[in-house]
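Results of the structural survey
Below are the chains, spelled out letter by letter.
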Amino acid sequence: MIQLLERANKFKDRTALVSNAKSFSYEQLLHTAKKIAANLLREESELNESRIPFLIPPSFEYTAVQWAIWAAGGIAVPLCTLHPLPSIQYVLEDTEAEIVIAHDEYFDFLKPLETELGISVVSLVSILQENTSKLPEVTSARRAMILYTSGTTSKPKGVVTTHANIEAQITTLVNAWKWEKDDYILNILPLHHVHGIINVMSCALWSGACCEFLPRFEADKVWKIIKSGRLTLFMAVPTIYYKLISYWDDTSPEEQKKLSTAASKLRLMVSGSAALPVPVLEKWREVTGQNLLERYGMTEIGMGLSNSYRGERRPGHIGLPLPGVEMRLVDEDNNPVKENEPGEFQIKGPSVFKEYWQKPEATQKAFTRDGWFVTGDIGMLNDGLYKILGRDSVDIIKSGGYKISALEIEDTLRKHDFVDDCAVVGLPDEEWGEVVSACIVSEKTEIDFEKISNWLKEQLPVYKIPRNYILRKELPRNVLGKVTKNELKHYF
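First, a word on what this report is: a plain description of the structure on this page.

Rules and cut-offs
- Residues numbered from 1 in each chain as written.
- Predicted model: local features only at pLDDT ≥ 70, side-chain atom pairs only at ≥ 80, totals over all residues.
- Heavy atoms only, no water.
- Axes fitted to C-alpha atoms, helices over the stretch in contact; angles between N-to-C directions.
- Helix = DSSP H or I, 4+ residues; strand = E, 2+ residues; numbered from the N terminus.
- Parallel < 35°, antiparallel > 145°, perpendicular 65-115°, else oblique.
- Contact = heavy atoms within 4.5 Å.
- Nonpolar A, V, L, I, M, F, W, Y, C, P; charged D, E, K, R; others polar.
- Buried < 20%, exposed > 50% of the residue type's maximum accessible area, 1.4 Å probe, protein only.
- Pairing = 2+ DSSP bridges.
- Salt bridge = Lys/Arg side-chain N within 4 Å of Asp/Glu carboxyl O.
- Expected span 1.5 Å × (residues − 1).
- Arc of directions from axis to C-beta.
- Patch = residues over 30% accessible without salt bridge, like charges linked within 9 Å, V, L, I, M, F, W, Y side chains within 5 Å.
- Areas by Shrake-Rupley, 256 points an atom, 1.4 Å probe, with all protein chains shown as cover.
- Lys, Arg positive; Asp, Glu negative; His and termini not counted.
- Charge placed at Lys NZ, Arg CZ, Asp CG, Glu CD.
- Disulfide = S-S within 2.5 Å.

1. Digging into the packing of helix α9 (residues 219-228) against helix α10 (residues 238-249)
Helix-helix packing is described using two parameters, namely the angle between the two axes and the distance between the axes. Relative to each other, α9 and α10 sit at 85 degrees, their axes nearing to 9 Å. Judged on the interaxial angle alone, α10 and α9 are roughly perpendicular. Contacts from A219, D220, V222 and W223 of α9 reach α10 at K243, L244, Y247 and W248. Looking at the contact of α9 with α10 residue by residue, the classes come out as six nonpolar, no polar and two charged.

Next up, the structure:
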């Protein structure tokens, strides 16, 4: 039984979602999800873990479709509305999906893939018709969702979570952050990431609370909603807090006072998906009186550690393991490290994902022999709280809440006629955490980098496009021929 959907019956008359200036009750959400599920089943008794990708902007319809896929026994595969067609095509091919559900805005965008892949593009309107067919019983052990994350390989991997994994991820946060049915949260995060799906939307719906969607971040609109007084929680990535501070800085002293007073009344504000620069944390505290709660998580584990809801929130630290999460900090031989010594975070518990989709070798490599998930993140225990020191691979760039594979960008860049070789690194940036930066090797003495960027935008999502470029005749390498990326960073 899917507990998230079952619990919604307890809150039928309450407002579940606010979407496109309309309010929807839990009863409306359940009813819509059930009729979509029945339409997806057609003549089948259940979907039997068929992968169902869907391209729908953050909205009531997005949630209803996700719940419908689960209710029908399928695996939900949320697609990013900002991704170019090649990125979408990769996911559809990798999941071996037979259909993809498209909002009206994206139907024509996806239509060419019918011929290319032999996949059926199903319009959202067509599955919103009334249908009361019987729905199957779905156990918590069944696969529920695949989210794609850039790992240390050049191609994204599909992270498979079960209903039990998702339930564990939700309940851990509901308990740790004291969610209540009277809570109200704004969702401004992408809904193909665990942050927006689990931490915001699903925690709210588990609790009987209300989640309001703002499909595209705009600082003035977010501040207007904060000023309305209806929010009790707010969650965002560091880049968003940076932009909200910039907006506040540009307003009049009278308006600043109103915004600050409104923000000070929220019971919790959380920052995640990337390291929060201490200057941003301190400025936000100065502006709003809010001490942002930092936490640590990954697509593969949900949330693993968190600063305290009521206790100390130390800048630059991620707190302690959440309830139900086992964590250890180890050296290269998987031996525990002492306090103030760096080690790798490894996680175990019911929230940890089941597998990488159809990648058994990658799945096996991601776990130790005794079942610990290897995060690849380095940290240390410092005076009773943990802090992140960095990534054990320079090939993962954290920018604006995204984890970006440098190898994927390099592979794409090398396809350009003017690029003989290249290397991509992340450079520190106060607003974005890191910015994608590319060194291009070419025989040409000049290259129009703007044209390179425009070409890349046809191949990759916008957030993966380099913001900085340099042109060199060769890349720095060690004696084994491997590019020394830390050295390369000094050339920018």
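2. What to know about the pairing of strand β24 (residues 433-441)
Of all nine residues in β24, seven are buried; the element is thus mostly enclosed. Of the strand pairs in this sheet, strand β23 (residues 421-429) and β24 are connected by nine bridges, and their pairing is antiparallel. By the bridge assignment, D429 is partnered in β24 with G433. Between β23 and β24, which follow one another and run antiparallel, lie three residues.

3. Things to note about the sheet that holds strand β2 (residues 22-25)
Ordered in space as β2-β1-β10-β9-β11-β12-β13-β14-β15, the nine strands form an open sheet in which the pairing is mixed. Here the strands that pair on one side only, and so sit at the sheet edges, are β2 and β15 (320-321).

4. Concerning the pattern of salt bridges
Scanning all chains against the criterion turns up 24 salt bridges. Salt-bridge contacts for K35 lead to E130; the nearest nitrogen and oxygen are separated by 3.4 Å. Within this pair, whereas K35 is found in helix α2 (residues 26-41), its partner E130 is found in the loop between β6 (120-123) and β7 (143-149), the two being separated by 95 residues in sequence. The class of K35 is buried, set by a relative accessible area of 13%. We classify E130 as exposed; its relative accessible area is 54%. Note that R142 is salt-bridged to E46, the shortest N-O span being 2.5 Å. On the criterion of sequence distance, the pair formed by R142 in the loop between β6 and β7 and E46 in the loop between α2 and β3 (51-55) is long-range, its members being 96 residues apart. It is possible to trace a salt-bridge network through shared partners that takes in E46, E49, R142, R143 and E355.

5. Concerning helix α11 (residues 253-264)
For α11, which comprises twelve residues, the first-to-last C-alpha distance of 16 Å matches the rise-based estimate of 16 Å (1.5 Å per residue) to within 8%. Looking at α11, one finds that the buried residues are Q256, L259, S260, A262 and A263. Down the axis, α11 shows its buried residues gathered within 165 degrees of arc, on one side only. What points out from α11, more than 90 degrees from its buried face, is the exposed set E254, K257 and K258.

6. Thoughts on a negative patch on the surface
On the surface, a cluster of negative charge is contributed by D331, E332, D333 and E341. Within the secondary structure, D331 is located in the loop between β16 (326-330) and β17 (343-348).

7. A closer look at the state of the cysteines
What the rule picks out here adds up to zero disulfides. Not part of a disulfide, C80 finds its nearest cysteine sulfur in C211, a span of 17 Å. Using a relative accessible area of 5% as the deciding quantity, one classes C80 as buried. Not part of a disulfide, C211 finds its nearest cysteine sulfur in C210, a span of 7.1 Å.

8. Describing the sheet that holds strand β25 (residues 468-472)
Here we have three strands laid out as an open sheet, ordered β23-β24-β25, and mixed in their pairing. Looking at which strands have only one partner, the edges of the open sheet turn out to be β23 and β25. Recorded for the sheet is a direction-independent mean angle of 25 degrees between the axes of neighbouring strands. As paired elements, β24 and β25 share five bridges and run parallel to each other. Opposite A438, over in β25, you have Y469 as the bridge partner. Running at roughly 140 degrees to β23, helix α14 (residues 406-413) makes contact with β23 and β24 of the sheet. Sheet contacts for helix α15 (residues 449-456): β24 and β25; angle to β25, the most-contacted strand, approximately 120 degrees.

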